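Now for the letters of each chain:
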Amino acid sequence: MKRFYLMLCVALAFCVARADGTVDTVLRAGDTIPDFAAQTLDGKPIRWSDVKDQPVFLYFWSRACQTCGNEYDLVEQLAADNPGLRVIGLNVSDSVNTAKYVAEQEGFKFEVWTQSPSNPNLKDRLMAWQGLEEDAPILSWAYLIGKDGVIRTFHMGFKDAILETVKNEAFSTAPVTLGMRPGRPMPNFALQDSSGKSVELKDSLGSVVILNFWGSWCPPCRAEMPELNALYGRYKGKGLRVIGVNYAESKEKALTYLEANPLGYDVWFGADAKATGALFRAWGGTGVPWNIIIGRDGKVHSWMVGFGPGAIETMEKRVLELL
């Protein structure tokens, strides 16, 4: 049975098989948080399943996370502005003593949980929930979970706008808009091609699509593009479509780069440098290059973040599964 789960993990691309046979996978809006064990700052054991019948803002943090240090006031304001919302700061990296020290120094007014000695793998579980395959989890990450236990929104990096989002969503009973993740239909979106013509993803239904977020300012993106272009050349006749989505730079700068480094596949742009960034954040992008692989049925198969040895080979294997 354990071998079966390990094979399932390979097939789904983003999951962690644990010793108890259960599997973690990417979590986005519309999903429920799997049960896990933790402890409070006074060492009391606690489980996620103990939290019932109330909305929760589950915030992941650590002492080493510099961004987190700038967010504590916002998290406290969330708790103060929303009576009835349970705010839990879950530390997945530090010792209990370190977490307790930070909480006391910062004067946290929200609840703090830490890893339980009986469940020291929360960091790995968070990575699976985020859709990361290696390295370390991204902190400054949170899920807003409704009274029914369903994730309503997720957040990576906080700005003041989060206050309004939480206020509107925490106690809402409206249906949740499902988040983008493997196994779900890829949301349609409209951008512009290099000539300024409006283009939409839905027009690619029936093809296997690699949606490649990139920027000319990104060295790994530049290193990946010739190999991605070659991959496209090998399989375009069999139904592969590659769409580059320019991220976090002006169209003019990107086009200048592409004139010097032409590609065979399409490249799409936002109306301005911020437009594609909004898609990137809404879908849970954690870094570039970010390649989202979509099947002929329009469902997300998997995604890959970053570029290094063996990356194109792995991508090619995933594409061949779908062609």
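Conventions adopted
Residues numbered from 1 in each chain as written. Predicted model: local features only at pLDDT ≥ 70, side-chain atom pairs only at ≥ 80, totals over all residues. Heavy atoms only, no water. Salt bridge = Lys/Arg side-chain N within 4 Å of Asp/Glu carboxyl O. Helix = DSSP H or I, 4+ residues; strand = E, 2+ residues; numbered from the N terminus. Pairing = 2+ DSSP bridges. Axes fitted to C-alpha atoms, helices over the stretch in contact; angles between N-to-C directions. Contact = heavy atoms within 4.5 Å. Disulfide = S-S within 2.5 Å. Buried < 20%, exposed > 50% of the residue type's maximum accessible area, 1.4 Å probe, protein only. Phe/Tyr/Trp six-rings, centres within 6.5 Å; stacked < 30°, edge-to-face > 60°.

### A word on the pattern of salt bridges
Where charged atoms of side chains with opposite charge meet at close range, the side chains can pair.
Thought 1: Throughout the structure, instances matching the rule amount to 8 salt bridges.
Thought 2: With a closest N to O distance of 2.8 Å, Arg152 and Glu169 form a salt bridge. Of this pair, Arg152 sits in strand 9 (residues 151-156) while Glu169 sits in helix 6 (residues 161-169), and the two are 17 residues apart along the sequence.
Thought 3: Linked through salt bridges whose partners overlap, the residues forming this network are Asp31, Arg181 and Arg184.

### Observations regarding the sheet that holds strand 12 (residues 208-214)
Thought 1: Spatially, 5 strands are ordered 14-13-12-15-16 in an open sheet, and the strand pairing comes out mixed. Among the strands making up the open sheet, the edge pair consists of strand 14 (266-268) and strand 16 (300-305). Neighbour to neighbour, the strand axes of the sheet diverge by 20 degrees on average, direction disregarded.
Thought 2: Most of the contacts of helix 9 (residues 275-282) go to strand 12, to which it runs at about 115 degrees, and overall it touches strand 12, strand 13 (240-246) and strand 15 (290-294).

### Points about the state of the cysteines
Thought 1: The tally for this structure, following the rule as stated, stands at 2 disulfides.
Thought 2: Put simply, Cys65 and Cys68 are joined by a disulfide, and their sulfur atoms are 2.3 Å apart. Its torsion about the S-S bond being 85 degrees, the disulfide of Cys65 and Cys68 is classed as right-handed. Residue Cys65 shares its accessibility class with Cys68, and that shared class is buried.

### Section: the pairing of strand 9
Thought 1: Most of strand 9 is tucked away: 5 of the 6 residues are buried.
Thought 2: Of the pairings in the sheet, the one linking strand 8 (residues 141-145) to strand 9 comprises 5 bridges and is antiparallel in character. Each residue of the ladder has a partner; that of Ala142, found in strand 9, is His155.
Thought 3: With antiparallel pairing between neighbouring strands as the criterion, strand 8 and strand 9 make up a hairpin whose turn holds 5 residues, including Gly149 at a positive phi of roughly 85 degrees.

### Observations concerning the packing of aromatic side chains
Thought 1: Under the counting rule described, the total for this entry stands at 25 aromatic pairs.
Thought 2: Aromatic pair Phe36 and Trp129: ring centres 6.1 Å apart, planes at 50 degrees, arrangement tilted. Residue Phe36 is located in the loop between strand 2 (23-25) and strand 3 (37-40), and its partner Trp129 is located in helix 5 (residues 122-130); the two are separated by 93 residues in the primary sequence. Trp129 carries the same exposure label as Phe36, and that label is buried.
Thought 3: Between the aromatic rings of Trp217 and Tyr247, the centroid separation amounts to 6.3 Å while the plane-to-plane angle is 50 degrees, which identifies the pairing as tilted. Note that Trp217 is positioned in the loop between strand 12 and helix 7 (219-235) and Tyr247 in the loop between strand 13 and helix 8 (251-260), a separation of 30 residues in sequence.
Thought 4: By relative accessible area, Tyr247 is classed as buried at 15%.
Thought 5: Grouping aromatic residues by their ring pairs yields a cluster made of Phe189, Phe213, Trp217, Tyr247, Trp268, Phe280, Trp283, Trp290 and Trp303.

### Regarding unusual backbone geometry
Thought 1: With an omega of 0 degrees, the peptide bond between Val288 and Pro289 qualifies as cis.
Thought 2: As for its position among the elements, Pro289 is in the loop between helix 9 and strand 15.
Thought 3: Positive phi, close to 60 degrees, is recorded for Ser140, a residue that is not glycine.
Thought 4: Position of Ser140 among the secondary structure elements: in the loop between helix 5 and strand 8.
Thought 5: Ser140 gets classed as buried once you look at its relative accessible area, which sits at 4%.

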